[in-house]
Amino acid sequence: AALRADGIAIALDDVGDNPESLALLDIVSPEVIKLANKLIQDPASNDTAKTGAAIMAHRERRGALIVAEGIETDEHLEQAMAWGATLGQGFLFGRPSPLLPYAPTKTWSSPALRARARTSFHSPFDAVAGDPGMRTARKPTLWAISRYLEEQALHSRDTPMVLTALQNGANFGLPTRRRYAALAATSPLVAVFGANFTPDQPAEIRVVRHDASDALSSQWVVVTLGPHVAAALVARERGGQAAACDEDREFDFVITHDRAVVTAVASALLNRIR
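Residues numbered from 1 in each chain as written. Predicted model: local features only at pLDDT ≥ 70, side-chain atom pairs only at ≥ 80, totals over all residues. Heavy atoms only, no water.

Asks: Residue-level account of the nonpolar core, with values.
Replies: Of all hydrophobic cores here, the largest spans 27 residues; its most connected members are Leu163, Phe193, Val223 and Leu269. The set of elements that each furnish at least two residues to this core consists of strand E6 (161-168), strand E7 (190-195), strand E9 (219-225), strand E10 (230-237) and helix H8 (259-270). Residue contributions to this core peak at 6 residues, all from H8. When neighbours within four sequence positions are excluded, leucine 163 is seen to be in contact with Leu189, Ala191, Phe193, Val221, Val222, Val223, Ala266, Leu269 and Leu270. Core analysis: the next-biggest nonpolar cluster, separate from the first, contains 23 residues, Ala153, Val162, Phe172 and Val192 among them. (Core = buried A, V, L, I, M, F, W, Y, C linked by side-chain atoms within 4.5 Å. Buried < 20%, exposed > 50% of the residue type's maximum accessible area, 1.4 Å probe, protein only. Helix = DSSP H or I, 4+ residues; strand = E, 2+ residues; numbered from the N terminus. Contact = heavy atoms within 4.5 Å.)

Written out as structure tokens, the structure is:
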């Protein structure tokens, strides 16, 4: 965000070398995507199709420019164009040679990306506060929805990132830690946000602590975001009279699969990671 404020465009190199990195495309939202060599030179497979489809889906949403490297044959050129590349480099276009005087034949500027939904929210609930689908439910309902989203992420082949705000570290008990450790074994990023965490937390899970007075302390959030997965539960506990028991606590909540909204919710949490 700081770089873009200075007028700098963002390019991601070797996209596709590590499929897990595709989960970050909507967060970084690069102006330029440079395809990994293997997408151009390796035989087509389920893995390359999965990666290529994710890249083209992002290009469709945002209009990013796609560049291919390693184009050495006509077959490589065909494959690069199939994945949406409009610029390329490789031996097919020329071998290394002495530098010639600079004589540009065509001017070029970075692409104008399609308008992006706002992502600068102070807290996840701020991103959905005006949603007409807002509902109210007690804790057991939200717990069931959370488990469902976690299970979806655990069994997804798209390796989404999983971000969870659970109000207080006391809610991150042993069964929950085990579930999130299993998620961390396949997901590129698993982060848990809350107040009053004990020091002994699983190393594979990113634990982000905040003060009990933070607005996030009243919110319950589960986000799964990947190249083909986008879902979020965003809830805020209702104030006022204390519940008779823990399970009677009430929350205003939204469930969304709108990728732009899910990205905004994820960004509100990721901005807290230092």
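From this point, things continue past the structure.
Asks: So, the pairing of E10: which residues are in play, and what are the values?
Replies: Where burial is concerned, most of E10 is hidden: 6 out of the 8 residues are buried. In this sheet, E10 lies alongside E9 in antiparallel orientation, the contact comprising 7 bridges. Within the sheet, the bridge partner assigned to valine 221 lies in E10 and is valine 234. Between E9 and E10, which pair antiparallel and follow one another directly, the connecting turn spans 4 residues. With 6 bridges joining them, E10 and strand E11 (residues 250-256) adopt antiparallel strand pairing. Looking at the pairing, valine 234 lines up with valine 254 of E11. (Pairing = 2+ DSSP bridges.)

Asks: Hey, could you go over the sheet that holds strand E8 (residues 206-209) for me, with residue numbers and the actual values?
Replies: Sheet architecture is open: 7 strands sit in the order E5-E11-E10-E9-E6-E7-E8, paired in mixed fashion. Each of the sheet's edge strands pairs with one partner strand only, and the pair in question is strand E5 (135-138) and E8. Neighbour-to-neighbour, the strand axes of the sheet open up by a mean angle of 20 degrees, direction not taken into account. Alignment of E5 against E11, held across 4 bridges, turns out to be antiparallel. Counted as the bridge partner of arginine 138 is glutamate 250 from E11. (Axes fitted to C-alpha atoms, helices over the stretch in contact; angles between N-to-C directions.)

Geometric values such as these leave the question of function open.
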